[in-house]
Structures are given as structure tokens and as C-alpha cells.
Amino acid sequence: MQFRQQALAKLQSPEELDLPVRLARPQGWLALLVAVVVMAAASVWAVTGSVASTVSAQAILTHGQGSYVLQSPVAGQVTAVLARQGERLPAGSPVLKVRTSQGDSVVRTVAAGRVTALAATIGQIIRTGANVAAVEKVARSSDPLYATVYVPAENAASVPADAAVDLTVSSVPTQRYGVLRGHVKSVDRTAQSAQSIAAFLGDSQLGEQFTGKGRPVAVLVRLDRSSSTKSGYRWSSADGPPYRLDSMTLATASIRLADQRPVDWLLP
């Protein structure tokens, strides 16, 4: 009954047409303005902006031509080791002396390079075709290092030419000296097998390691040079490590992929 009387009283009173109508408070106008600005900025970014993404993969520092596995052309007993690990040798240099049933034979390098591993010792019996050494194909100490990055095959198509690369080198403390800088030189579109990687690096264990999650694609990275660092290459820190880098050093690479426009995500 009380509500009915209030409704009747409301109908009998004149309308307050002379009073101003407040559409919104100042705080409401401010919130609306902020929302409009944010929406406008988001629209502009969606059309003109881009999203950078990266892919991380295992890498190794090498010289550009890779390595090869030296195999013995004869069977017999090793009587002398004529080369040292780390030694740089021209093509045709003696590495081992092997005593065979026909007399002594010398195992020689096939191409010029640096001996990175010796698998034969004095007194060892070896067979024909046995792996006796790994030789990196490098003729001069001034030959530059490269990084070979083994990228998952599904990401290879997204790696652009000259993409920026950051390399965390296993022998360099990252917190102190930062990361090594480089740019993509080339992308091999063929997936690599454990055998092909082992042939290039001269190490079967590395072939198995780099293919542990499938057959990757090899990305060759040119390291940025610097005359102001001891290593001769550019780092994220000012000076980098106070020593030179060795080939066959493992690293982890972060490659910047081609930028993607966010508007593409919104389109059907």
C-alpha cells in the first residue's frame, strides 16, 4: 500500500524539466579518454608493429670448411705417432707409422688442417679403414671462426638471411663476459643426419648429440669481428673474454626469426 501511494504521488508531481542533466562525471570522461587512446594505439601497433621471436639451438664453433676423419689405408700395428693434437699440418703430412705384413707404411693427411683428435696410440692394432685422427680443414691461424647452429627443421624456414645471433659459449662465463655476436651467413635447407654431421665435424659423438631430437638443419653463422677484443670477435660486453676462442667449442645459439605482424593473428 505504501509503494502504491508513492507511485501516485510521483505521477501527480510536475516533471523537473528545468534541472540540468549530468551525462557523466569528470572521472568517467577521463576513463573514456584513456580507453580511446589505448584502443587507437593498439590499432596502430596491430597494423604497423611486429613481434620478434627467437629460436634456440645447439651450436659449435668451427672453421668454415669443417673437418674430416682420417682413416688408415692399411692394417697393422702402430709403431709411431708422428703428429700432435692441435698441430697444424699441410696436406700429405705424416700422422702415423704402421707396420704391416708388407713392411712399414705411413698414414698421411688428406688435406691441410689442424689435428683436433688422435685416436691411435703406439702399439695399437688397427684395421684398414679405421678412424685414426680428426683433422679440421684450416690452413692459416688467421682463418676466421664460424658457428654452425643445428636448428630444428620446423624452424629453418623462418630463419632470415643476415639474422642476428647471440651465442652463449660453453668455455666463456656469460655473466662476466656476455654473449658472442654474429649474423646468419647461410641456411642449408637439407636436414642433417648423424652421419653427415659426424663427417663434417669429424666426431661421431657430436653427430649423435646434435640429432638427439630429430634431424636438424645446419645454419652457418658469421661471427662479428672486433679489433678491440682479445678474441677478435664482438661480444655483448665491452671487452669479452681475455683469451682467444678455440674451434670445436660448443655453444648455444639464439637466432632472431623473421618478425611477425600481430594483425596476422587476428585475420581469419
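Going by the structure above, here's the rest.
Computed from a prediction, not measured in an experiment: that's the story for all the values here.

S.K.: Is there a simple way to think about the overall build of the protein in this case?
M.R.: What the protein contains, in helices and strands, is 6 helices and 14 strands. Relative to its 268 residues, the protein shows a buried fraction of 37%. Considering only intrachain contacts with a sequence separation of at least 6, the fraction spanning at least 24 residues in the protein is 72%. For the protein, the exposed area adds up to about 16400 Å²; of that, 55% sits on carbon and sulfur atoms.

S.K.: Honestly, the environment of Lys-97 in this entry has me stumped. Any pointers?
M.R.: Relative to the assigned elements, Lys-97 resides in strand E5 (residues 94–100). In the structure, Lys-97 is positioned 19 residues away from Val-78 in sequence and 5.9 Å away in space, judged by C-alpha atoms.

S.K.: Would you mind going over the sheet that holds strand E4 (residues 88–89) with me for this structure?
M.R.: Taking strand neighbours across the sheet as the criterion, the 4 strands line up as E2-E9-E7-E4 in an open arrangement whose pairing is antiparallel. What marks the edges here is a single partner per strand, and that holds for strand E2 (67–71) and E4. Of the pairings in the sheet, the one linking E2 to strand E9 (residues 131–136) comprises 5 bridges and is antiparallel in character. Looking across to E9, one finds that Ser-67 is bridged to Glu-136.

S.K.: Explain helix H4 (residues 194–201) to me, please; I cannot follow it from the model alone.
M.R.: Each α-helix winds once per 3.6 residues, and so residues spaced three or four apart point in a common direction. All buried positions along H4 are accounted for by Ala-194, Ile-197, Ala-198 and Leu-201. For H4, the arc enclosing every buried residue in end-on projection is 100 degrees, short of the 170-degree limit, so these residues lie on one face.

Cut-offs used in this document
Residues numbered from 1 in each chain as written. Predicted model: local features only at pLDDT ≥ 70, side-chain atom pairs only at ≥ 80, totals over all residues. Heavy atoms only, no water. Helix = DSSP H or I, 4+ residues; strand = E, 2+ residues; numbered from the N terminus. Buried < 20%, exposed > 50% of the residue type's maximum accessible area, 1.4 Å probe, protein only. Contact = heavy atoms within 4.5 Å. Areas by Shrake-Rupley, 256 points an atom, 1.4 Å probe, with all protein chains shown as cover. Pairing = 2+ DSSP bridges. Arc of directions from axis to C-beta.

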